[in-house]
Structures are given as C-alpha cells and as structure tokens.
Amino acid sequence: MSSSTFSGDETAPFFGFLGAAAALVFSCMGAAYGTAKSGVGVASMGVMRPELVMKSIVPVVMAGVLGIYGLIIAVIISTGINPKAKSYYLFDGYAHLSSGLACGLAGLSAGMAIGIVGDAGVRANAQQPKLFVGMILILIFAEALALYGLIVGIILSSRAGQSRAE
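Residues numbered from 1 in each chain as written. Predicted model: local features only at pLDDT ≥ 70, side-chain atom pairs only at ≥ 80, totals over all residues. Heavy atoms only, no water.

Remarks on the packing of aromatic side chains
So, step 1. By the definition in use, this model includes 2 aromatic pairs.
So, step 2. Seen from their ring centres, Phe14 and Phe15 are 5.3 Å apart, and the 75° between their planes marks the pair as edge-to-face.
So, step 3. On the basis of relative accessibility, which here comes to 53%, the residue Phe14 falls in the exposed class.
So, step 4. An aromatic cluster of three or more residues is present, and its members are Phe14, Phe15 and Tyr94. (Phe/Tyr/Trp six-rings, centres within 6.5 Å; stacked < 30°, edge-to-face > 60°. Buried < 20%, exposed > 50% of the residue type's maximum accessible area, 1.4 Å probe, protein only.)

Thoughts on the UniProt feature "transmembrane region" (unreviewed entry) in the chain
So, step 1. When the UniProt feature table is mapped to this numbering, "transmembrane region" (unreviewed entry) covers residues 12-36, 57-77, 97-119 and 131-156.
So, step 2. As a span, residues 57-77 carries 95% helix and 0% strand, and end to end its C-alpha atoms are 32 Å apart.
So, step 3. Secondary structure across residues 131-156 divides into 96% helix and 0% strand, with the first and last C-alpha atoms of the span separated by 38 Å. (UniProt positions renumbered as here; feature names shortened; annotations may be inferred. Helix = DSSP H or I, 4+ residues; strand = E, 2+ residues; numbered from the N terminus.)

Observations concerning the side chain of Ser99
So, step 1. Locating Ser99 in the fold gives a position in helix H3 (residues 90-127).
So, step 2. Its relative accessible area of 0% is what places Ser99 among the buried residues.
So, step 3. Residues within four places of Ser99 in sequence aside, it is in contact with Ile73, Ile77, Gly153, Ile154, Leu156 and Ser157. (Contact = heavy atoms within 4.5 Å.)

Thoughts on the packing of H3 against helix H4 (residues 132-159)
So, step 1. Running from N to C, H3 and H4 cross one another at 175°; their axes reach a closest spacing of 7 Å. Judged by the inter-axis angle, H3 sits roughly antiparallel to H4.
So, step 2. Of the residues assigned to the contact of H3 with H4, the class counts are 21 nonpolar, 10 polar and 2 charged. (Axes fitted to C-alpha atoms, helices over the stretch in contact; angles between N-to-C directions. Parallel < 35°, antiparallel > 145°, perpendicular 65-115°, else oblique. Nonpolar A, V, L, I, M, F, W, Y, C, P; charged D, E, K, R; others polar.)

Things to note about the pattern of salt bridges
So, step 1. Under the definition given, this model contains 3 salt bridges.
So, step 2. Here Asp119 ties to Arg123 by a salt bridge, and the two come within 2.7 Å at their closest N and O atoms. Placement of the pair is Asp119 and Arg123 together in helix H3, with a separation of 4 residues, close to one helical turn.
So, step 3. Overall, Asp119 belongs to the buried group, its relative accessible area being 11%.
So, step 4. Residue Arg123 is classed as partly exposed on the basis of its relative accessible area of 34%.
So, step 5. One network of salt bridges, in which partners are shared, links Lys37, Asp119 and Arg123. (Salt bridge = Lys/Arg side-chain N within 4 Å of Asp/Glu carboxyl O.)

In structure tokens:
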C-alpha cells in the first residue's frame, strides 16, 4: 500500500483515541475531585488557623499532578496513532485503550483518596500538628496508585505496533 492510503483496521483508531480521551478525562476527574475536596478542607481549616494554609496546600498540589499523568499518556497514545504512516490494527487500538483506562482510572481513584485524606488531614492537622507527617505519608501512598497506573499505561502503550511484523 502507498503511504497516502489508510492501512490497518479502519475502526482501530477509534479505540486508540478513546484510550487517549479516557486517560485525560478520568485523570482530570480525579485531579478535580482531589483538588475540590482538599480545598474545602483547607478553606475550612484556614478560618481558625490561617497560618497553616500554605502548609496545608500539599494535598491540592498532589491532586493537581494527577491530571499531568493523564496528559502524558494521552500524548503518548495520540502520537502513536497515524494509520497513513504505519498500519494500525485492532490490537494497537486495544493496547492504547487499555493504556488510557489503566492510567485514567488509577488517577481517578488516587484523586478520590487524596481528596478524602487531604480534607480530613488538613482539618486534623489544625487541631494536632503532630499529624502532618502521617497525613503526608498517606497522601504519598495515594499518589503512588496513580503512578502505578502511569507506569502500566506506558508499558501497555508501548505494546501497540507489535501485533504484526512489518
């Protein structure tokens, strides 16, 4: 086939682009939830202890990073979809879909965990400052869940293009 015509399965790019969208949308949903929930806790705590607001902004920042993970996978996936340059089969589309879902859903769940822990953690930290280190450790473990999704997403995305020898 010439390089100007479509090669591969014609429906396969749909699944690839769906994976890119899923990575970004679900990760950003997790980031938004985590930011909103933690932000409510920071605002509530800031009324009584305004000197702790900057110290308590950590969960909001950690939640925001989740959206970046989804963006990374979405860019990796979308750059791998070019059926006119290289054949793109259903295997490739499914690999990209699973990559996006792995990263996106891991980001969503991590965002929910960060939001809940961040909200309760900053309020508790206002009453008992010794809880800060414990809150940070829990937030790190919640963030690690999204990082696992990012790593698996990269691995799955790299599998695309390996379906057939060309």
